[in-house]
Amino acid sequence: MTTQFEPVIGLEIHVQLASKTKLFCTCPNGVGEDTKPNTAVCPVCMGHPGTMPVLTEGAVALAVRAGLSLHCETQKRSSFSRKHYFYPDLPKGYQITQFDEPINGAGYVEITFGPKDNLQKKRIGIHHAHLEEDAAKSSHFADHSLVDFNRSGSPLLEIVSMPDMRSPDEAYAYLTEIKRLMRWVGASNCDMEKGELRVDVNVSLRPVGTEKFGTRTELKNLNSFKAVRDALQFEINRQTEVLNAGGQVKQETRLWDKVECVSRPMRSKEDALDYRYFPEPDLPPLVLKDEWLENIKAGMPEMPSSKEARFMAAGLSAYDAGVLTSSREIADYFETVTKSGKVSLKTASNWIQTDLLGMLHAEKKEIENSPMSAVQLAELLEFVEGGKINRKQAREVFDEIYAHGGKAADIIAKRGMVQVTDEGQLEAWAKEAIAANPKAVADYQKGNKAAIGALVGGVMKLSKGKANPRVISQILAKLLG
Ligand SMILES: [Zn+2]
């Protein structure tokens, strides 16, 4: 007999804060691969003896903004501790982190998951989110290793979830939401390829219907959303097999091999590190002034959940509202297109999702680098809404603006695209199309309403694309009784 198990999943996410300076010195933060190794450094972030850390305000401000986006309670008093371990990329022999007094207390996020037409929502608790410094970056070669200190001392926010997730899909949705929120408030760019978002997951199983947690395993440093989903699914299957065979899951840290899609033990609890945390003597507790905190709160943008609710109240589906608020830039673009009230939300939503994002995605571009501005698209869509050009023509104009710039009105005039609206002319074409396609007429009259499509196509051909298919359909239907 096999028992039914349910997974219990928690995530620890490190995001690199997008502040100008590092956490405890004024070296530039987040310089990236194109900066020469070991040039964005100073004695503080190199861990030289006798240097003193000085907390930088920019990183603290972003940590608070990030926390507010996660509905965390900002802690007016927080403090720093030393976490000891030895590794070549950690020259001080300890990392400065927040241990028992994090800057952000408990909070939550709302995740959306499931099929497009049946989206589900669920609240995932945040245990806390604390500030800490990043280590340097080591690269290992056959006979030597190199360490680049450019990343050493970069500010990280570690977001620790409650064990509230019950499937790899929920974990994926949680990650998506964290990334959306961090980017939305400008706390982090969350570029996983640059290591700006790193994920540790822990997962255990328990028999369905029970409360007590099973023994968990941890998977560290997963570097893509796909890896998180795959690794969780693998672990769930592996633990299920162990338990069903009468065995016990070992509490251990495992490594995910994304090439072979398997997890392997890294270290077990018996040799778990003792970090010997103690309060950082060189940094006083961080106490936030009321006025400073109020300023941060006042500077928060409208959050995506609020925009989503507004878009849905105006008639968009949950799915469309989700896509249009997947980044602040997309939401801003959408709102600019619809601002005048001359373009319906649905039309703007369709064109942005299908046409614009489709093109941008194919070129691996973000909407902020779109060659077509929101104003340009709005001008084009006003012609569509007014029935002056049809969708096919609009797409041609769209392609031209996207590739070469320009104004919709000029391109439409230049190409002589204005639609034929003369009813007499349209009716003449409709009669011609009916005469030319008796089979479609017979099918239509037998009840196959879709057969009208062939006749509409005939009129479009006769009009050289300058008729409006919707108007033609109506005329044809009238003529055919
Ligand atoms: Zn430095």
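Here, the structure is the one placed above.
So, here's what we can say about the structure.

Reading the values: rules and limits
- Residues take numbers from 1 onward in each chain, read along the sequence in its written order.
- Local features are withheld for residues below a pLDDT of 70 in this predicted model, meaning they are given only at 70 or higher, and side-chain atom pairs are given and counted only at 80 or more; totals for whole chains, interfaces and linings count all residues.
- To obtain the side-chain values, all non-hydrogen atoms of the structure were used and water was disregarded.
- Only centres within 6.5 Å qualify two rings of Phe, Tyr or Trp (six-membered ring in Trp) as a pair; their planes then separate them into stacked at under 30 degrees, edge-to-face at over 60, and tilted for everything else.
- Remark: exposure states derive from per-residue accessible area (1.4 Å probe, protein chains only) relative to the maximum for the residue type, with buried under 20%, exposed over 50%, and partly exposed in between.
- Should the NZ of a Lys or the CZ of an Arg lie within 6 Å of a ring centre and within 35 degrees of the ring normal, that charge is described as sitting over the ring.
- In this description, a nonpolar core means a group of buried Ala, Val, Leu, Ile, Met, Phe, Trp, Tyr and Cys residues linked to one another through side-chain atoms lying within 4.5 Å.
- Whether two residues are in contact is decided by their heavy atoms: any pair within 4.5 Å suffices.
- Secondary structure elements follow DSSP: runs of H or I no shorter than four residues count as helices, runs of E no shorter than two count as strands, and numbering proceeds from the N terminus.
- Pairing between strands is defined by DSSP: at least two bridges between them are needed.
- Salt bridges, as used here, are contacts in which a Lys or Arg side-chain nitrogen is within 4 Å of a carboxyl oxygen on Asp or Glu.
- Here a donor is an N, O or S atom found within 2.8 Å of the metal, or within 3.2 Å if the metal is Na, K or Ca; sites may look incomplete because water is not among the atoms.
- Working rule for geometry: tetrahedral if four donors all subtend angles between 85 and 135 degrees; square planar for four, octahedral for six, if opposite donors exceed 155 degrees and the others stay between 65 and 115; irregular in every other situation.
- For patch detection, residues must exceed 30% relative accessible area and be free of salt bridges, and they are connected within 9 Å for like charges or within 5 Å for nonpolar side chains (Val, Leu, Ile, Met, Phe, Trp, Tyr).
- Areas reported here follow the Shrake-Rupley algorithm with a probe of radius 1.4 Å; residue values treat only the protein chains shown as occluding.
- For this count, His and the chain ends are skipped, Lys and Arg are scored as positive, and Asp and Glu as negative.
- Charge coordinates come from a single atom per side chain, which is NZ of Lys, CZ of Arg, CG of Asp or CD of Glu.
- With axes taken as lines fitted to C-alpha atoms, and helix axes fitted only over the stretch in contact, angles between N-to-C directions fall between 0 and 180 degrees.
- Comment on the angle field: the value is read as roughly parallel under 35 degrees, roughly antiparallel over 145, roughly perpendicular from 65 to 115, and oblique elsewhere.
- By definition, turning the near helix anticlockwise from the far helix through less than a right angle yields a left-handed crossing, and turning it clockwise yields a right-handed one.
- Under this grouping Gly is polar, as are all residues other than the nonpolar Ala, Val, Leu, Ile, Met, Phe, Trp, Tyr, Cys and Pro and the charged Asp, Glu, Lys and Arg.

**What to know about the packing of aromatic side chains**
Taken as a whole and assessed by the stated rule, the structure comprises nine aromatic pairs. Ring centres of Tyr-275 and Tyr-277 lie 6.1 Å apart, and the angle between their planes is 70 degrees; this geometry places the pair in the edge-to-face category. Given the relative accessible area of 22%, Tyr-275 is considered partly exposed. For the cation-ring pair, Lys-179 lies above Phe-225, with the distance from its terminal atom to the ring centre recorded as 5.7 Å. When the ring centre of Trp-351 is taken as origin, the NZ or CZ atom of Arg-391, which lies over that ring, is 4.1 Å away.

**Concerning the nonpolar core**
One finds Leu-11, Ile-159, Tyr-174 and Met-182 to be the most contacted residues of the largest nonpolar core, which totals 66 residues. Non-local contacts of Ile-159, meaning those with residues more than four positions away in its chain, are made with Leu-11, Glu-12, Ile-13, Val-15, Leu-70, Ile-126, His-128, Ala-129, Tyr-174, Ile-178 and Met-182. One finds Leu-380, Ile-389, Phe-398 and Tyr-402 within the second-largest nonpolar core, a separate group that totals 33 residues.

**Here's the deal with the side chain of His-14**
As for its position among the elements, His-14 is in strand β1 (residues 5-16). Excluding anything up to four places from it in sequence, His-14 contacts Glu-132, Leu-156, Leu-157, Glu-158, Glu-196, Leu-197, Arg-198 and Asp-200.

**Describing the pairing of strand β5 (residues 107-113)**
Successive residues of a regular strand alternate their side chains across the two faces of the sheet. Covered by surrounding structure in β5 are Gly-107, Val-109, Ile-111 and Phe-113 only, the residues Tyr-108, Glu-110 and Thr-112 on the alternate face being uncovered. Where β5 meets strand β6 (residues 120-133), seven bridges bridge the pair, whose relative direction is antiparallel. Bridging from a neighbouring strand, Thr-112 pairs with Lys-121 of β6. What sits between the antiparallel neighbours β5 and β6 is a turn of six residues, in which Gly-114 has the positive phi angle 105 degrees.

**A word on the pattern of salt bridges**
Tallied over the full model, the rule gives 41 salt bridges. Ionic pairing is found between Arg-82 and Asp-282, a salt bridge with its closest N-O pair at 3.4 Å. Of this pair, Arg-82 sits in strand β3 (residues 81-84) while Asp-282 sits in the loop between β14 (278-279) and β15 (286-287); the two residues are 200 residues apart in sequence, bridging distant segments of the chain. Its relative accessible area of 12% is what places Arg-82 among the buried residues. Residue classification places Asp-282 among the partly exposed positions, given a relative accessible area of 25%. A single salt-bridge network, built from bridges that share partners, covers Glu-235, Arg-238, Lys-250, Glu-252 and Arg-254.

**Looking at the coordination of the zinc ion**
Coordination of the zinc ion by the protein is provided by Cys-25 (SG), Cys-27 (SG), Cys-42 (SG) and Cys-45 (SG), with metal-donor distances spanning 2.3 Å. For the zinc ion, the four donor atoms in the first shell make angles of 101 to 114 degrees at the metal, so the coordination geometry reads as tetrahedral. Of note, the donors binding the zinc ion are all from one chain and are spaced C-x1-C-x14-C-x2-C. Taken together, the residues span a long stretch of sequence, with Cys-27 in the loop between β1 and α1 (57-69) and Cys-42 in the loop between β1 and α1 at a distance of 15 residues.

**Quick word on a negative patch on the surface**
On the surface, Glu-329, Asp-332, Glu-366 and Glu-368 cluster together to form a negatively charged patch. Along the chain, Glu-368 turns up in the loop between α8 (345-362) and α9 (374-385).

**Focus on the packing of α1 against helix α4 (residues 290-298)**
Where α1 meets α4, the axes come as close as 10 Å, and the angle between the chain directions of the two elements is 60 degrees. Compared by their axis directions, α1 and α4 come out oblique. For the pair α1 and α4, the sense of crossing is right-handed. Where α1 abuts α4, its residues Glu-57, Val-60, Ala-61, Val-64, Arg-65 and Leu-68 lie against Trp-292, Leu-293, Ile-296 and Lys-297. Within the contact of α1 with α4, the residues separate by chemical class into seven nonpolar, no polar and three charged.

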